[in-house]
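Listed below, chain by chain, are the residues.
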Amino acid sequence: MRALSRREFVRIGAAGAAAVPFVLECAPAAAAPTAQAIIDRIRQNVRVAWNPASVDTFKGGDPSTVVTGIATTSLATIDVLRRAMRAGANLIITSGPTFYSRADAPTPGSRRGAAPPPPDPVFAAKNDFITRNRLVVWRFSDHWRARTPDPFAQGIADALGWAKYHVNGDPRRITVPAMTIEALARDVKTKLNVRGGMRVIGQPEARVQKIAVLPGTIPIQTTLAVLPEVDAIIAGEIREWESSEYARDLAHAGRSKGLILVGRSLSEDPGMNICAGWLKTVVSEAPVRWIPAGDPYWRPAA
Amino acid sequence: MTAGDVVDRIKKNIGVPWRDTTYRDTYKAGGPETPVTGIATTMFNSFDVLQRAVAAGLNMIVPHETTFWNDRDDLTVVNADALFREKRDYLAAHNVVIFRMHDHVHDRRPDFTYVGSARELGLDPARESPPGSHRFTIPETTLEALAVDVQRGLGIRTLRVVGDPKAKVSRIQLGVGYATPAANVPDVDVVISGEQQEVDGFLDGPEYVADAAALRLPRGWIMLGHNVSEEAGMLEMAQWIEKLVPELPVQLIKSGEPFWAPK
């Protein structure tokens, strides 16, 4: 479905007024869609079968809120919410959780058999911030990452200036001019603005050309399937008893292989820039902008 | 002396009933009948560690962590891989026997990994309160100064920190490996641990501590990396095994921090 223009929206609202008086009552605001209407439009346009059991649901705020602007991000931190507000956005679309867990509930979870946890000042302040400022937060993770081509890989490839190197249009497999792992790592660090989250395995002087771009978290099964076929993997995070040890053993055995980790959230930041661009093709009534969450980690100067 | 003899003494002296249901604390190469020339403890059983142990004349490895890059050391996960076959063939060619010690290290008191980590971090056991809580109070400092001390003291290349560098902190909750305490544990300023998944866990540390910082609540999160956070305790394990098996040489061979970062 294409986006309705303001005029079409008003006309439909007026024509349907007899059947739906609510629309008439709200006529002055009817031109601007609600958060729920935006999400419905996303569902209709994403071209991925909708899974109601996914994490892609509202995490805070009232879905009937009229949207003045939309911000996309990889992590809806309080800092991101503040920056979104300053930019005039009141609908925040995040690929990561809002309330610090997969459950993403507005109060801390309790472990099975344990007493309910005490009230938490950070949870409480974030809830209060969202309510007081009439923000709406919606998670867009499972369905966004199911799109083809992979928008998170696309975001990283674009940020690295690698659009021209895609293999068969797939941003997850890129052949770049040969360079050392150290040079590649430095390039990734600079262009993705990685701070303390940067971690690399591999001989720094080994030369690499075939790169797999795998944002998010990758299990050992993926690394075992992919790393033998490419020279280096750029990923968000791994488990440290899995892929990093495999990569360490590969490098020790003399293979020219690298594993470059930038952190889960940072690896998804550029993909939410792609999301902002896509949303502009679906929503014409409100401005859309990308608010990068950035690298949460720092490390002291050596 | 055989590996079986060594393992019998470990099981008899570990101080807690042996759990036969463990899939971790089992042989990963060789078996009880393998004759032992010497014993190496380590954190991760990397190819590098194996070669250094063999060069030192030690053919029994007691690692805390995995050999074949998955928690169960399930060979069906890795058996199509060329590097797996190289590692397996190396083990066979040098008659290496591997017996992992993970679950029972964490079951016993004290847990070697906490003892070693506190020692390396310079956390005085006398300031652990209550005893066994892994909670330490240090003289008030800033998160940045603490992070600098930790980075220098442990010689870590890829320390990762979240929180306001200027936050005043003094109450530390120590974790090890993947057993990272929740970032919102009450009456604590800083969690120091090894590793935690960044997003979609039970209580995601990075986002929680970043939000606490945005609210000017003093909170810090210092991740040492899984290897660094538990490897110190493998010295305690080596010393403990040495007493049980005085007939054989026993030493720690460090796998070391796997990561580096570009300048």
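Residues numbered from 1 in each chain as written. Chains lettered and ligands numbered in written order. Predicted model: local features only at pLDDT ≥ 70, side-chain atom pairs only at ≥ 80, totals over all residues.

Caption draft 1: Summary view of the sheet that holds strand 8 (residues 190-193) of chain B. Residues and elements named next belong to chain B. Read across the open sheet, the 5 strands follow the order 5-7-8-9-6; overall the sheet is mixed. Only two strands of the sheet have a single neighbouring strand rather than two, namely strand 5 (135-142) and strand 6 (160-162). Averaged over all neighbouring strand pairs, the angle between strand axes comes to 20°, with direction disregarded. Here strand 7 (residues 168-174) runs beside strand 8; their pairing, made up of 3 bridges, is parallel. In the sheet register, Q173 faces strand 8, and the bridge partner there is V191. (Pairing = 2+ DSSP bridges. Helix = DSSP H or I, 4+ residues; strand = E, 2+ residues; numbered from the N terminus. Axes fitted to C-alpha atoms, helices over the stretch in contact; angles between N-to-C directions.)

Caption draft 2: Representation of the interface of chain A and chain B. On the side of chain B, 53 residues touch chain A, which itself brings 52 residues to the contact. Broken down by secondary-structure element, the contributors of at least two residues to the side of chain A that touches chain B are helix 4 (78-86), helix 5 (121-132), helix 8 (181-191), strand 7 (199-201), helix 9 (220-226), helix 10 (243-252) and helix 11 (264-282) of chain A. A total of 7 residues in the side of chain A that touches chain B trace back to one element, the largest contributor, which is helix 10 of chain A. For the side of chain A that touches chain B, a count of residues per class yields 24 nonpolar, 12 polar and 16 charged. (Contact = placed C-beta atoms within 7 Å. Nonpolar A, V, L, I, M, F, W, Y, C, P; charged D, E, K, R; others polar.)

Caption draft 3: How the structure looks around helix 1 (residues 3-13) of chain B. All names here are of chain B. Residues A3, V6, V7 and I10 constitute the buried set of helix 1. Projected down its long axis, helix 1 carries its buried residues within an arc of 95°, all on one side. Residues K12 and N13 are exposed on helix 1 and point more than 90 degrees away from its buried face. If you follow the buried residues of helix 1, they end up packed against strand 2 (39-42), strand 3 (60-63), strand 4 (97-99) and helix 10 (233-244). Positioned one or two residues after helix 1, G15 has a phi angle of 90°, which is positive. (Buried ≥ 20, exposed ≤ 12 C-beta atoms within 10 Å, placed from the backbone. Arc of directions from axis to C-beta.)

Caption draft 4: How the structure looks around the confidence of the model for chain A. Mean pLDDT over chain A: 91, with 90% of residues reaching 70 or higher. Below a pLDDT of 50 lies the segment residues 1-30 of chain A, which in the model reaches 23 contacts outside its immediate sequence neighbourhood of four places, other chains included. (pLDDT = per-residue confidence, 0-100.)

Caption draft 5: Local environment of the domain arrangement of chain A. Residues and elements named next belong to chain A. For chain A, the assigned domains are domain 1 (32-147 + 269-290) and domain 2 (151-262). Using only C-alpha atoms to locate each centre, domain 1 and domain 2 end up separated by 29 Å. The interface is formed by 8 residues belonging to domain 1 together with 9 residues belonging to domain 2. Elements with a minimum of two residues in the side of domain 1 that touches domain 2: helix 6 (142-145) and helix 11. In terms of residue count, helix 11 provides more of the side of domain 1 that touches domain 2 than any other element does, 5 residues in total. (Domains from an automatic or database assignment.)

Caption draft 6: The nonpolar core, seen in detail. Of all hydrophobic cores here, the largest spans 45 residues; its most connected members are A:V188, A:V213, A:A232, A:I233, A:I234 and A:I260. Counting residues per element, the ones that place at least two in this core are helix 7 (151-159), helix 8, strand 7, strand 8 (207-217), helix 9, strand 9 (232-237), helix 10 and strand 10 (258-261) of chain A. In terms of residues, this core owes the most to one element, strand 8 of chain A, which gives 5 residues. When neighbours within four sequence positions are excluded, A:I260 is seen to be in contact with A:L184, A:A185, A:V188, A:V200, A:A232, A:I233 and A:I234. Of all hydrophobic cores here, the second largest spans 38 residues; its members include B:A118, B:V150, B:Y208 and B:M223. (Core = buried A, V, L, I, M, F, W, Y, C linked by C-beta atoms within 7 Å.)

Caption draft 7: How the structure looks around unusual backbone geometry. Residue and element names in this part refer to chain B. R109 connects to P110 through a cis peptide bond whose omega is -10°. As for its placement among the helices and strands, P110 is situated in the loop between helix 5 (103-107) and helix 6 (112-121). Omega for the bond connecting S129 with P130 falls within 30 degrees of zero, at -5°, which places this linkage in the cis form. Topologically, P130 is positioned in the loop between helix 6 and strand 5.

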